Amino acid sequence: MKYEHVYVGAPNLAISDIRVFGNGSGKAPRTPRKLSVRRDVDARNAFVQWEPAAHAVGYNVLWGIAKDKLYQTYQVFADEPNPREVRALNIGQEYWFAIEAFDENGVSKASEPVQLG
């Protein structure tokens, strides 16, 4: 991998994180099981919990306003707390959530979506 700084209009450049993906030689992690979601007292927030997948580096929490419209993603690394709080919801809106695990070998299939009222 090579980064070549060509031009930035500001006097300084700051790169906070770079992720490099490749093709591992193993199998992608299994789909996380036992996904559950519950609203917080503040209805703009929800707590998402799942059974960790062995050897997963992290998880993509997917959510959206319909079972087939999971357009939002929240990435969580495996060493972060579970349940995880998602603080980006609208009051009075129903949501659907799913989860997938990832590691150096790929991304699992998404779990079956769970509805949050």
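Here is a short report on the structure shown in this document. Worth saying up front: this structure is predicted, and the values here are computed from it rather than measured.

For the rest of this paragraph, the subject is the packing of aromatic side chains. Across all of its chains, the model carries three aromatic pairs by this definition. Measuring from ring centre to ring centre gives 6.0 Å for Trp63 and Phe97, while their planes differ by 20°; the resulting arrangement is stacked. Linking Trp63 in strand S3 (residues 58–64) with Phe97 in strand S6 (residues 95–103), this pair joins segments that are 34 residues apart in sequence. Phe97 carries the same exposure label as Trp63, and that label is buried. With a centroid separation of 6.2 Å and an interplanar angle of 80°, the aromatic rings of Phe77 and Phe102 are classed as edge-to-face. Of the two residues, Phe77 sits in strand S4 (residues 72–77) while Phe102 sits in strand S6, which places them 25 residues apart along the sequence.

Attention shifts here to the pairing of S6. With respect to burial, S6 is a largely interior element, nine of its nine residues being buried. Alternating residues of S6 divide into Tyr95, Phe97, Ile99, Ala101 and Asp103 and Trp96, Ala98, Glu100 and Phe102, and every residue in both groups is buried. Relative to S6, S3 runs antiparallel, the two sharing seven bridges. When the bridges of S6 are listed, Gly64 appears paired with Trp96. The pairing of S6 with strand S8 (residues 114–116) spans three bridges and is antiparallel.

Rules behind the numbers
- Residues numbered from 1 in each chain as written.
- Predicted model: local features only at pLDDT ≥ 70, side-chain atom pairs only at ≥ 80, totals over all residues.
- Heavy atoms only, no water.
- Phe/Tyr/Trp six-rings, centres within 6.5 Å; stacked < 30°, edge-to-face > 60°.
- Helix = DSSP H or I, 4+ residues; strand = E, 2+ residues; numbered from the N terminus.
- Buried < 20%, exposed > 50% of the residue type's maximum accessible area, 1.4 Å probe, protein only.
- Pairing = 2+ DSSP bridges.

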